[in-house]
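Architecture and fold: a report
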Amino acid sequence: MIIDVVVPFRVNSSFHYRIDPELGKDLKAGSIVEVPLGTKKTHAFVVGFPEVTSVPDHKLKEVSQIIQPHSMFDENMLKLLKWTSEYYCHPLGEVFDAAIPKLQVKAKKSKSRQSKTPSIDFGLLGKEASEKPVLTAEQQAVLKHLLDPAEVRPFLLHGVTGSGKTEIYLRVVEEVLKEGKGAIILVPEIALTPQLMGRFAARFPDQVAVLHSELTPRERALQWERVHRGEAKVVVGARSAIFAPVQRLGLIVVDEEQEGSFKQEDSLRYNARDLAVVRGSFEKAKVILGSATPSLESYSNAGLGRYCYLELKKRVHDRPSPQTHFVDIKDKAQWYQPKTPWLSRYLVERLSSTLEKKKQAILYLNRLGFAHFLYCTDCGHSYRCKNCDVALTYYQAPPRLKCHYCGLQMAVPKQCGECSGPHLDSMGLGTEQLEGQLKKIFPKARIARMDRSQLKGRKDLEKLLQAISDQEVDIIIGTQMVAKGHDFPGIALVGVVMADASLNLPDFRSNERTYQILTQVAGRAGRAGEPGEVVIQTVHPGQPTLKWAAENKSLDFYTAELNARKLFGFPPFQRLALLRFQHPHPQVVQAYADEITQVLRQILQKYQFQCQVLGPSEAPIAKLKKQYRWQCLLKAASVKELQQVLRQISAYDLAKKSRVKLAIDVDPIQAL
């Protein structure tokens, strides 16, 4: 008996092996076996049972053992994994491998490992959700549309911050469970959403499984098995949960669908939001993409009628939207102190007033550390990472220089490494410096930082969120973490310290990301019935993106941004693929990038494809983790043409066996 298998390595072909017919009689597509490959053994996934093989008999090797005789995937999941492999131009064996926990592909499981599933701590936040609130008329109308069996398109639920999208998700899950079906709830980062996770666990006790990176391999495998056996019907998880083996899948929710963290940035570079739409189509399941600031791709799909567009324009309990005030920090008269041009008199006054009223405030600054970098005032030398082409961020407590890409840390020098001068100074602003300055201005205020240098995991975050909820913190200083769907009734003021920072990144999505983060962070204010206030400090108070975010004019923003994207040929009007080249030697990587790009242009000329090639050029971050980086961008109006080109480039690269690592990223989110 012959079986056809794929292995979890970067090879595009499958392999034939021989197995005793009696041993192999129960194997199916999706079963796992162990096979010899070269001088080693590896697990492999069965994909077929050919009658004949072109492999000579003396070269046809035997299967070593059967690891999982039953199929790990049902028919629809096999279909999804094959689609994923083709669309993202990624080897099928690696796609299969990414879809299941690593412990599932080890040798046969002992009974003891299946005996008891450890309970997962869902945290305390959100437990009040076991009580069902009364829906507003707007929520009821949206829920009715979502439950309409005649509507088979994916839904885009565009709801302003505080409009009660999570409660609608809970109601739809409730109806799906009544039908004997299951649901997947995808969240951007599980560590940042303990409130949402707790609400699902409270509403559906003993029916929820979680799948995320903070679980141990054993916990993850056992949670996966609970879902596979049908014991858990609701899965809450980060992007990899899109592959959860939910039985009779009836619903997929993608909360905060615009978030870039749904995109995997290494190995299999899939976007879980897009796979949710594809899987929903294969499984005939409802798909809800929810956001206060939808991605331009989803908004465009709704405008073209591919998605059913639903809107929640009002906050629950008719809570008013916050008032917005712009401060032009180019004007020195606005500065609180000459040494702190990034802190205005007006913002300090509003903070003082907020503290007097025993209310809470959030200050948003998407910069870690004390300052952007350390430099010598005598010769201008600045300290950069030796592994990456970036400046080392300066931290003051404890004193250190740190690279946020590779993790390199070094002590703060006493004198310049170039000229030995003693005068070192820092430039730029980070959350640590902002915290120190505010402690001087408001010595009695209880100030906490919400950023990755302070919070190492979900437990730390949950502890801080509980303290904020219990009114034990007056001012929260944070990076993007403060904008991630947290619901704090006590927040009366939100200050955006450097609103322009993200507008100047070399990325066509910079306007979109700025609009999204400002809208999201502003939405934290005024959730307890009072309007709340948002103070935006900027050097461009008239900048349209900032104004539209402040005034919640989503139609104006989306119309203008879509027109700009159409003019310059960016998504959603053109499809992109980014080819990334990496190697420890700059000349080697540049030469291979030139070679591949030349082959690319020859393919386009041969088939007369209407594709555009930009590059090759150095990546904006030219060196990362000791690897020099080049890239080339491919634009195409046709997905089929794009995939055909990429398949040929992938085959060329594999045949070439170059020392340069080539990564193909279809629908890239990051271009840095």
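This section reports on the structure supplied with the text.

About the thresholds
- Residue numbers here run from 1 along each chain, matching the order of that chain's written sequence.
- In keeping with the model being predicted, local features are shown solely for residues with a pLDDT of at least 70 and side-chain atom pairs are shown and tallied solely at 80 or more, while totals for entire chains, interfaces and linings include all residues.
- Excluding hydrogens and water, the side-chain figures rest on all heavy atoms present in the structure.
- Numbering of helices and strands runs from the N terminus; a helix is a DSSP stretch of H or I covering at least four residues, while a strand is a stretch of E covering at least two.
- The quantity called the radius of gyration is restricted to C-alpha atoms. Its globule counterpart is 2.2 Å times the number of residues to the power 0.38.
- The classification of residues rests on relative accessible area computed with a 1.4 Å probe and restricted to protein chains. Under 20% of the type maximum is buried, over 50% is exposed, and intermediate values are partly exposed.
- In this analysis, two residues are considered to be in contact whenever any of their non-hydrogen atoms come within 4.5 Å of each other.
- Surface accessibility follows the Shrake-Rupley procedure with a 1.4 Å probe radius. Residue values consider only the protein chains on display as shielding.
- Strands are labelled as partners when DSSP assigns at least two bridges between them.
- Here an axis means a line fitted to C-alpha atoms, over the contact stretch when the element is a helix, while the angle between two N-to-C directions is reported on a 0 to 180 degree scale.
- Looking down the strands as they point away from you, a crossover is right-handed if its path from the first strand over the helix to the second goes clockwise.
- We call a set of buried Ala, Val, Leu, Ile, Met, Phe, Trp, Tyr and Cys residues a nonpolar core when their side-chain atoms join them within 4.5 Å.
- Counted as salt bridges are all cases of a side-chain nitrogen of Lys or Arg within 4 Å of a carboxyl oxygen of Asp or Glu.
- Just so you know how the angles are binned, under 35 degrees is roughly parallel, over 145 roughly antiparallel, 65 to 115 roughly perpendicular, and the rest oblique.
- Handedness of a crossing is defined here by the sense of rotation of the near helix relative to the far one, left-handed for an anticlockwise turn of less than a right angle and right-handed for a clockwise turn.
- By the convention adopted, Pro, Cys, Tyr, Trp, Phe, Met, Ile, Leu, Val and Ala count as nonpolar, Lys, Arg, Asp and Glu as charged, and the other residues, Gly among them, as polar.

1. Observations concerning the overall build of the protein chain
For the protein chain, the helix and strand inventory stands at 18 helices and 29 strands. Relative to its length of 672 residues, the protein chain is compact, with a C-alpha radius of gyration of 27 Å against a globular reference of 26 Å. When the backbone C-alpha atoms are referred to their principal axes, the protein chain occupies close to 85 × 65 × 50 Å. Here the protein chain holds 672 residues, and the buried ones make up 54% of them. When contacts within the protein chain are restricted to residue pairs at least 6 apart in sequence, long-range pairs at least 24 apart make up 75% of them. Approximately 30,200 Å² of the protein chain is accessible, and the part contributed by carbon and sulfur atoms is 51%.

2. Re the sheet that holds strand E5 (residues 65–68)
What holds strands together in a sheet is hydrogen bonding between their backbones, with the strands either parallel or antiparallel. Ordered by their spatial adjacency, 5 strands build an open sheet running E2-E1-E4-E3-E5, and the pairing between neighbours is antiparallel. The open sheet has two free edges, formed respectively by strand E2 (15–18) and E5, since each of these has just one partner strand. Averaged over neighbouring strand pairs, the angle between their axes works out to 50 degrees when direction is ignored. Sheet topology note: the strand E1 (residues 2–6)/strand E4 (residues 40–48) ladder contains 3 bridges and is antiparallel. Bridged to Val6 within E4 is Phe45.

3. Overview of the pairing of strand E8 (residues 208–211)
Along E8, one buried face is formed by Val208 and Val210 and the opposite face, lined by Ala209 and Leu211, is buried too. Here E8 pairs with strand E9 (residues 234–237) via 4 bridges, running parallel. Considered in E9, the bridge of Val210 is made with Val236. Following the backbone out of E8, through helix H8 (residues 217–228) and into the adjacent parallel E9, one traces a crossover that is right-handed.

4. Overview of the nonpolar core
Phe73, Leu579, Phe581 and Leu634 are the most contacted members of the largest nonpolar core, which totals 76 residues. Ranked by the residues each element gives to this core, the list is headed by helix H17 (residues 586–607), at 8 residues. Every residue in contact with Phe73, bar those within four places of it in the chain, is listed here: Ala29, Gly30, Phe45, Leu78, Leu81, Phe96, Ala99 and Ile100. Core analysis: the second largest hydrophobic core is formed by 38 residues, Ala448, Val473, Leu518 and Leu546 among them.

5. Some points on the sheet that holds strand E20 (residues 409–410)
The sheet built from 3 strands is open, its strands ordered E18-E19-E20 with antiparallel pairing. Both edges of this open sheet fall to strand E18 (393–396) and E20, since each of them pairs with a single strand only. Strand direction decides the pairing type here: E18 and strand E19 (residues 399–402), joined by 4 bridges, are antiparallel. Bridging from a neighbouring strand, Gln396 pairs with Pro399 of E19.

6. With respect to helix H12 (residues 431–441)
Most of H12 sits inside the fold, with 8 of its 11 residues counted as buried. Those residues of H12 that sit buried are Thr431, Glu432, Gln433, Leu434, Glu435, Gln437, Leu438 and Ile441.

7. As for the pattern of salt bridges
Tallied over the full model, the rule gives 34 salt bridges. One salt bridge connects Arg18 with Asp57, and the closest N-O pair in it is separated by 2.7 Å. Residue Arg18 is found in strand E2, and its partner Asp57 is found in the loop between E4 and E5; the two are separated by 39 residues along the sequence. Judged by its relative accessible area of 23%, Arg18 is partly exposed. Here Glu167 makes a salt bridge to Arg171, at a shortest N to O gap of 2.7 Å. Of the two residues, Glu167 and Arg171 are both situated in helix H6 (residues 165–178); the distance of 4 residues between them amounts to about one turn of the helix.

8. Regarding the environment of Glu75
In this fold, Glu75 is placed in helix H2 (residues 75–87). For the pair Glu75 and Asp266, spaced 191 residues apart in the sequence, the C-alpha separation amounts to 27 Å.

9. A few points about the packing of H17 against helix H18 (residues 639–656)
The contact between H17 and H18 brings their axes to 10 Å, and the two run at 140 degrees. With respect to H18, the element H17 is oriented oblique. H18 is crossed by H17, and the crossing has right-handed handedness. Judged by residue contacts, Tyr592, Glu595, Ile596, Val599, Leu600, Ile603, Leu604 and Tyr607 of H17 engage Gln644, Val645, Gln648, Ile649, Tyr652, Asp653 and Lys656 from H18. Class assignment for the residues of the contact of H17 with H18 results in 10 nonpolar, 2 polar and 3 charged.

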